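# Overview (structure and organization)
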Amino acid sequence: MRINGSNFFFDAELNRPPSIHSHRNEFATLRNAQHLAASSNYAARRTLELAGAEGRPCEVVPNIVDPDYFCPSPDVTPVPGLVVFVNSLNPKKGIEQLIDAANLLFPHQPNARLVIIGADTQQHLGGRYLEGLKARVSPALRDRVEFLGRRPRDEIVTWLRRATVGCFPSLMETWGIAPVESMSTGCATIYTRLGPGPEVIEHGVTGLLCDPLDPADIAQCIRRLLDDCDYAKQLGTAARADVLRRFNRNDWIARNVAFYERCLGKS
């Protein structure tokens, strides 16, 4: 079993109403699994803790991105003031807090602009969630906050290359692919300090970590990067190097093969 975000994990972490039936099935699967892997130390520890299975061996194999695809381009110059969010439009991704942060910051940053890329995953609300996000933007700032919806990967790469800041203030993740894609393009990246965030980014070295529950803290992190482009570039360069070192596709394949061979008793 690979631990990568169960219902009982997110229900507990986000204080959501539990789904008793799904929890029962997930707990049974966990108990019956002979071998466990997880995408982060946090996901492994917290999941096993919630399941009352502390101490069980669990191999941590982080997810990866394609650094040859999500890569910098000498032909693309970052746009001053451009902040990009790429993720599903879902409350747990921190999009509401990011908009609140823009409302706080943008009146003092006349060149700042927020581009939001991602599909509305709250379709059961009949579009009301997306409309609510748009209404959340201060009226004076609505020409500086764009909702682009779901876009092809090649467009996403271009937006990340153009961004001065990639901002991903998730309330909880088990690892998080979007911020690592941002890091891989050499974009200065802000991620959550909750959950596995510190496993992905070293604060002040390969990016910044924010309190996703505090729009003022998100705004302060964005301000720091918009006000110091040299620092933002330094973080982006370090982030790219860190992705190549820790989230390398070839290493990931080898680590997975080794894990499954141990599961089969071959090593």
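Before going into details, it helps to say that this report is about the structure given with it. (Residues numbered from 1 in each chain as written. Predicted model: local features only at pLDDT ≥ 70, side-chain atom pairs only at ≥ 80, totals over all residues. Heavy atoms only, no water.)

Take the sheet that holds strand β2 (residues 37-38) next. On the basis of which strands lie adjacent, the open sheet formed by three strands has the order β1-β2-β3 and parallel pairing. The strands lining the two open edges of the sheet, one partner per strand, are β1 (2-3) and β3 (59-60). Both β1 and β2 contribute to a ladder of two bridges, which runs parallel. The residue of β2 that forms the bridge with Arg2 is Ala37. (Pairing = 2+ DSSP bridges. Helix = DSSP H or I, 4+ residues; strand = E, 2+ residues; numbered from the N terminus.)

So, about unusual backbone geometry. At Asn15, a position not held by glycine, the phi torsion is positive, near 55°. Positionally, Asn15 belongs in the loop between α1 (7-13) and α2 (20-32).

So, about the packing of aromatic side chains. Applying the stated criterion to the full structure yields seven aromatic pairs. Centre to centre, the rings of Tyr69 and Phe70 are 5.4 Å apart; their planes meet at 70°, and the pair counts as edge-to-face. Ring geometry for Trp175 versus Phe247: centroids 5.2 Å apart, planes at 85°, classification edge-to-face. Highlighted residues: Trp175 in the loop between β7 (165-168) and α7 (178-184) and Phe247 in the loop between α10 (229-246) and α11 (249-263), separated in sequence by 72 residues. Residue class for Trp175 comes out buried when judged on its relative accessible area of 2%. Above the face of the Tyr69 ring, Arg153 is positioned so that its terminal group lies 4.3 Å from the ring centre. Note that Arg162 overlies the ring of Trp159, its terminal NZ or CZ placed 4.8 Å from the centroid. (Phe/Tyr/Trp six-rings, centres within 6.5 Å; stacked < 30°, edge-to-face > 60°. Buried < 20%, exposed > 50% of the residue type's maximum accessible area, 1.4 Å probe, protein only. Lys NZ or Arg CZ within 6 Å of the ring centre and 35° of its normal.)

We now examine the sheet that holds strand β4 (residues 82-86). Across the sheet, six strands lie side by side as β6-β5-β4-β7-β8-β9; this open sheet has parallel pairing. The open sheet has two free edges, formed respectively by β6 (145-149) and β9 (208-210), since each of these has just one partner strand. Adjacent strand axes in the sheet meet at a mean angle of 25°, parallel and antiparallel pairs treated alike. Taken together, the four bridges between β7 and strand β8 (residues 188-192) define a ladder with parallel strand orientation. By the bridge assignment for β8, Phe168 is matched with Tyr191. (Axes fitted to C-alpha atoms, helices over the stretch in contact; angles between N-to-C directions.)

By themselves, these figures tell us nothing about what the structure is for.
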